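# Coordinate inspection notes
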Amino acid sequence: ASGAVFGVFGAYLAFMFRHDFLFGRRGEPAVERVTEMVGMNLLLGLLTPSIDNWAHLGGFLGGATMATLFGPNLKIYQLPSGNQLLLDDPIIRTPKYLSRIPNAISNQVGRVTSQLSNLVNPGRRKSNSNAPWRMDSSFSSRPNYRERRRTTPNRSIRPNL
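Residues numbered from 1 in each chain as written. Predicted model: local features only at pLDDT ≥ 70, side-chain atom pairs only at ≥ 80, totals over all residues. Heavy atoms only, no water.

Moving on to the overall build of the protein. Each helix and strand in the protein was counted, giving six helices and two strands. Helices and strands in the protein line up, N terminus first, as α-α-α-α-β-β-α-α. Taking all 161 residues of the protein together, the buried fraction comes to 19%. In the protein, once contacts between residues fewer than 6 apart in sequence are set aside, the share between residues at least 24 apart is 43%. Accessible surface, the protein as shown: approximately 13,400 Å² in total, 58% of it carbon and sulfur. (Helix = DSSP H or I, 4+ residues; strand = E, 2+ residues; numbered from the N terminus. Buried < 20%, exposed > 50% of the residue type's maximum accessible area, 1.4 Å probe, protein only. Contact = heavy atoms within 4.5 Å. Areas by Shrake-Rupley, 256 points an atom, 1.4 Å probe, with all protein chains shown as cover.)

We now examine the packing of aromatic side chains. On inspection of all chains with the given rule, the structure shows two aromatic pairs. Judged by centre distance (6.0 Å) and plane angle (65 degrees), the rings of phenylalanine 15 and phenylalanine 23 are edge-to-face. The partly exposed category is assigned to phenylalanine 23, whose relative accessible area is 31%. (Phe/Tyr/Trp six-rings, centres within 6.5 Å; stacked < 30°, edge-to-face > 60°.)

Glancing now at the nonpolar core. Counting residues in hydrophobic clusters, the biggest one holds seven residues: Phe6, Phe9, Leu13, Met16, Val31, Val34 and Val38. Those elements giving two or more residues to this core turn out to be α1 (2-18) and α3 (28-47). Per-element tally for this core: the top contributor is α1, with four residues. Not counting the four nearest positions on each side in its chain, methionine 16 is found in contact with Phe23, Gly27 and Val31. (Core = buried A, V, L, I, M, F, W, Y, C linked by side-chain atoms within 4.5 Å.)

Take helix α6 (residues 101-120) next. End to end, α6 covers 28 Å across 20 residues, agreeing with the expected 28 Å (1.5 Å per residue, within 8%). Those residues of α6 that sit buried are Gly110, Ser114 and Ser117. Projected onto a plane normal to the axis of α6, the buried residues spread over an arc of 70 degrees and lie on a single side. Seen from the buried face of α6, the exposed residues on the opposite side, beyond 90 degrees, are Ile105, Gln115, Leu119 and Val120. (Expected span 1.5 Å × (residues − 1). Arc of directions from axis to C-beta.)

Here it is, written out as structure tokens:
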């Protein structure tokens with residue numbers, strides 16, 4: 001797990017170094033803090049034999065490499081009108097077939113959820129085909145928590161002496 005944390009540190013530092021023109025001097029304290037923390041953890045790993053510094057170093061380099069290759073590469077473009085436009089121009093773009101996978105999985109999960117709800121409660125729950133988790137307003141099995149509950153106050157079970 002600590003190698004993954006170092007991967008996040010590496011990705012963060014790669015992002016900050018790549019986009020220092022956006023953050024300027026305001027980003028320097030954050031970079032210094034993360035660099036100090038990584039350095040202290042590596043030093044602690046050298047002093048403690050049970051800590052695997054190779055995992056930390058591999059996570060850090062892996063995170064920095066992945067952020068450099070696949071992470072955002074923000075650039076400022078000057079428009080003819082004088083306005084500026086901030087665009088992302090990554091070194092390696094995710095292929096379109098990979099970027100469609102989360103939407104396809106979501107659609108499949110929605111269909112399965114709808115079919116399962118129809119099997120469990122046939123005819124009782126009407127689902128919207130685009131959002132099977134939303135029920136029609138005519139059917140509500142849950143209490144309305146916005147209304148104030150009208151209950152009797154709790155009484156002590158202690159006998160009166």
